[in-house]
Amino acid sequence: MRTCGISRDQIFVTSKVAAENKTYESASNSINETLRKMKLDYIDMMIIHSPQPWLDVNQFDNRYFEENRQY
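Here we summarise the structure given alongside this text. These numbers come from a predicted model, not from an experiment.

### Overview of the overall build of the protein chain
Each helix and strand counted, the protein chain has one helix and two strands in total. Mapped from its N terminus to its C terminus, the protein chain presents α and β elements in the order β-α-β. Out of the 71 residues belonging to the protein chain, those deemed buried represent 23%. Long-range contacts, defined here as pairs at least 24 residues apart, represent 61% of the contacts in the protein chain between residues at least 6 apart. Carbon and sulfur atoms provide 51% of the accessible area of the protein chain, an area that totals close to 5,600 Å².

### Description of the pattern of salt bridges
Side chains that differ in charge, positive against negative, can pair when their charged atoms come close. All told, the structure shown has three salt bridges when counted by the stated rule. Note that Glu33 and Arg36 form a salt bridge whose closest N and O atoms lie 2.6 Å from each other. One end of the pair, Glu33, and the other, Arg36, are both in helix 1 (residues 24-38), three residues apart, so they sit about a helical turn from each other. Since its relative accessible area comes to 53%, Arg36 is described here as exposed. Note that Lys37 and Glu33 form a salt bridge whose closest N and O atoms lie 4.0 Å from each other. Of the two residues, Lys37 and Glu33 both sit in helix 1, four residues apart, roughly one turn of that helix.

### Things to note about helix 1
In a regular helix each residue adds 1.5 Å, so 15 residues correspond to 21 Å; helix 1 covers 21 Å between its end C-alpha atoms and thus fits that length. Turning to helix 1, its buried residues number three or more, namely Ala27, Ser30, Thr34 and Leu35. On an axial view of helix 1, the arc spanned by its buried residues comes to 135°, and they lie on one face. For helix 1, the exposed residues set more than 90 degrees away from the buried face come down to Glu25 and Arg36. Looking at the buried side of helix 1, the elements it contacts are strand 1 (14-17). Just past helix 1, the residue Lys39 takes up positive phi, approximately 55°.

Cut-off values and rules
- Residues numbered from 1 in each chain as written.
- Predicted model: local features only at pLDDT ≥ 70, side-chain atom pairs only at ≥ 80, totals over all residues.
- Heavy atoms only, no water.
- Helix = DSSP H or I, 4+ residues; strand = E, 2+ residues; numbered from the N terminus.
- Buried < 20%, exposed > 50% of the residue type's maximum accessible area, 1.4 Å probe, protein only.
- Contact = heavy atoms within 4.5 Å.
- Areas by Shrake-Rupley, 256 points an atom, 1.4 Å probe, with all protein chains shown as cover.
- Salt bridge = Lys/Arg side-chain N within 4 Å of Asp/Glu carboxyl O.
- Expected span 1.5 Å × (residues − 1).
- Arc of directions from axis to C-beta.

Structure (structure tokens):
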């Protein structure tokens with residue numbers, strides 16, 4: 001991306017927060033690590049891989065733990 005000759009503001013960068021990052025702190029750390037690895041100042045869109053408890057995906061009705069609602 002840095003060597004393609006297109007300015008950063010002309011590229012829309014998307015990444016995702018891994019499913020195991022459920023708390024605000026772990027999601028924030030994940031985003032910061034992605035920024036560091038990609039050597040970017042910002043990411044245009046971050047996708048939440050799975051906003052529910054990873055081990056219990058679609059296994060029960062009340063699958064949204066409090067950590068999944070932090071902001």
